[in-house]
Each structure stands twice: as structure tokens, then as C-alpha cells.
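Commentary on secondary and tertiary structure
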Amino acid sequence: MTFTPVSNDPFEHYFHKRAQRADDMTASGTILDANILATAALDALAKIWLNDFPDVKRNMEKDLGGGIPSSIRLSRLLKTFASHDPRVSKVAVVCFAEDWKLYRPQDTDIANRLLSKRLSDDPNEFLRAHELPKSYLDVSRNELTQECPELTTRPDLFALLENYEYGALLYAFYRCPLVHCATGSSRTHGFTRKEEIMYYPSSKDDRITISFGSNLITHWLRDVVSGYVKSCQQQGIVPANNFDAGTEQEKRLEGLWNRLT
């Protein structure tokens, strides 16, 4: 299926073309390359966003108490410009709860309460092993506090939850491994299709993996760029105007030269 951009804005059209190219790759079976292209494009939009809106960047730095992790930047991009899609605010609760048990075993009982609702309790061992964790029970951070009141008394733990939102995991387990290492993360699997979000038991250990359908990533890419361009138009901003993608590396080189003098 071919999608047509909703405007003739060249910036928006560029990213819609990236999304269409990724969808074409998926249709031809080259899903790895599709995910590299789509996640890299989303991450690029996140970087452009904070360049075009320096006040947003300053407020985010103040909120986070310093630097902005790229995973959080991508998560907030999705929640800002694709907020009509409830999926962008959801936490991968199973991944969070499993890591909670792993890194804070003293809280195992609390984490197990979250997991027990989402993992099969079928008494038949074979059936239990073949029933996938329930991704449809993933919820937003605020919704999770109603299920797990302990999160309301632990601001640090509540803040940590943002790292397990779908956008943050998309960066951590898709964009980074694929772009930097040309391979997927052990925390993901290859069985998800179309716009699915699906957990699956790992073949390497007892941990649960998560994956996002390639068409979901391009869906988000289209939504974000259209929402971003609309926001720019409303505020009289030209997207990526005078944006130099090499500025950070220029500063790095300048710093190296300054050390010599």
C-alpha cells in the first residue's frame, strides 16, 4: 500500500518518503533494513525538534536534571506529536517488572503482582509455556500507579518507568542495536507483524522479549512528522532551518584542538 502525504511541505514529504521506503522493504522481506530506516528517521526528528524548539529542550533538561537521554527524547517526541495514539504513552509493563525483580530482588513480591496479571496461570504446563504474555494489558505510567500504589510513593521509580515506555524501548532495543551493530537486541524477537506489539519468551534465557511491528514504526513516523510540521506552521517555524547536523562533531574537534593550545 502506498501512502500519500497530507501536505506538500518538502520536510514532511521527505519523511513520508522514508516511511514509504521502509514499508516497501518490509513488504519485500527486508525487515531489518526497514526498521533501521524508520527508527533512524524518528530519532532524527527528535533531534531536529529540540534544535527548532530550544525552549522545549531547556525545559526538558530542567525536568530531567541535566542531559536528555536519547531514549527519553524519542519517547517524548511520540507523546507530543502522536498523542492521539494511546499506544505511545504505554509502558512495557512485563519488561519493567522483570527488570524490577532482577535489579531489586527485595521488591520481588511487588513486581510479581504486575507479572501475575500478565503471564499465564494455566495449570497445564504445556499450555502455560505457549501462551504469550498479555501486551494488551500494558498501560500508561499514570494508569500503572492505580494498579501499583507503591509507585506513587517512589518518585525515582516512577521516573524510571519512562525508560520502559514504548518510545524509549524503541530507541534502546531497535534504533541503537540496528544502527550501531547491524543486528537486533536480545530483548527483542522477530515474530511481530504489521502494527502488532508482542511479547515472546526468549530462547536464550527466562526473560521475556518485546517487539514492535515494522508498520507500527512507520505509522508513528508519519503521524509524528505531520504533527510536527503542523506545530511548526502554527508557530511560524521552518523545520530544520539552518540546522547543521555536524555541529556537535565540529565542537568535539574544536575541543580537541583547544587542548593542544
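Residues numbered from 1 in each chain as written. Predicted model: local features only at pLDDT ≥ 70, side-chain atom pairs only at ≥ 80, totals over all residues. Heavy atoms only, no water.

For the rest of this paragraph, the subject is the packing of aromatic side chains. Summed over the entire model, instances satisfying the criterion amount to 12 aromatic pairs. Ring geometry for F81 and Y228: centres 5.3 Å apart, planes at 85°, overall edge-to-face. Note that F81 is positioned in helix α4 (residues 70-81) and Y228 in helix α11 (residues 214-234), a separation of 147 residues in sequence. When sorted by exposure, F81 lands in the same class as Y228, which is buried. An aromatic cluster is defined as three or more aromatic residues linked by ring pairs; in this entry it consists of F11, Y14, F15, W49, F53, F81 and Y228. (Phe/Tyr/Trp six-rings, centres within 6.5 Å; stacked < 30°, edge-to-face > 60°. Helix = DSSP H or I, 4+ residues; strand = E, 2+ residues; numbered from the N terminus. Buried < 20%, exposed > 50% of the residue type's maximum accessible area, 1.4 Å probe, protein only.)

Turning to its location among the elements, R76 is positioned in helix α4. Given a relative accessible area of 16%, R76 falls into the buried group.

Applying the stated criterion across every chain, the model contains 19 salt bridges. Where E248 meets K47, a salt bridge forms, and the shortest distance between an N and an O atom there is 2.8 Å. Of this pair, E248 sits in helix α12 (residues 247-260) while K47 sits in helix α2 (residues 31-52), and the two are 201 residues apart along the sequence. The exposed category is assigned to E248, whose relative accessible area is 52%. Two residues, D156 and R154, come together in a salt bridge whose shortest N-O distance is 3.0 Å. A residue is classified by how much of its surface remains accessible, and R154, at 26% relative accessible area, is partly exposed. Beyond isolated ion pairs, a larger network of salt bridges with shared partners links D63, R76, K79, R141, E162 and E165. (Salt bridge = Lys/Arg side-chain N within 4 Å of Asp/Glu carboxyl O.)

Of all residues in the protein chain, 92% attain a pLDDT of 70 or more, and the chain-wide mean is 92. When pLDDT is averaged over each helix and strand of the protein chain, the minimum, 48, is found for helix α7 (residues 125-130) and the maximum, 98, for α4. (pLDDT = per-residue confidence, 0-100.)

The element helix α5 (residues 93-103) is extensively covered by neighbouring structure, given that eight of its 11 residues are classed as buried. Turning to α5, its buried residues are V93, V94, C95, F96, A97, E98, D99 and W100. Buried residues in α5 make contact with α6 (108-118), α8 (141-147), α9 (155-160), β1 (197-201) and β2 (208-212). (Contact = heavy atoms within 4.5 Å.)

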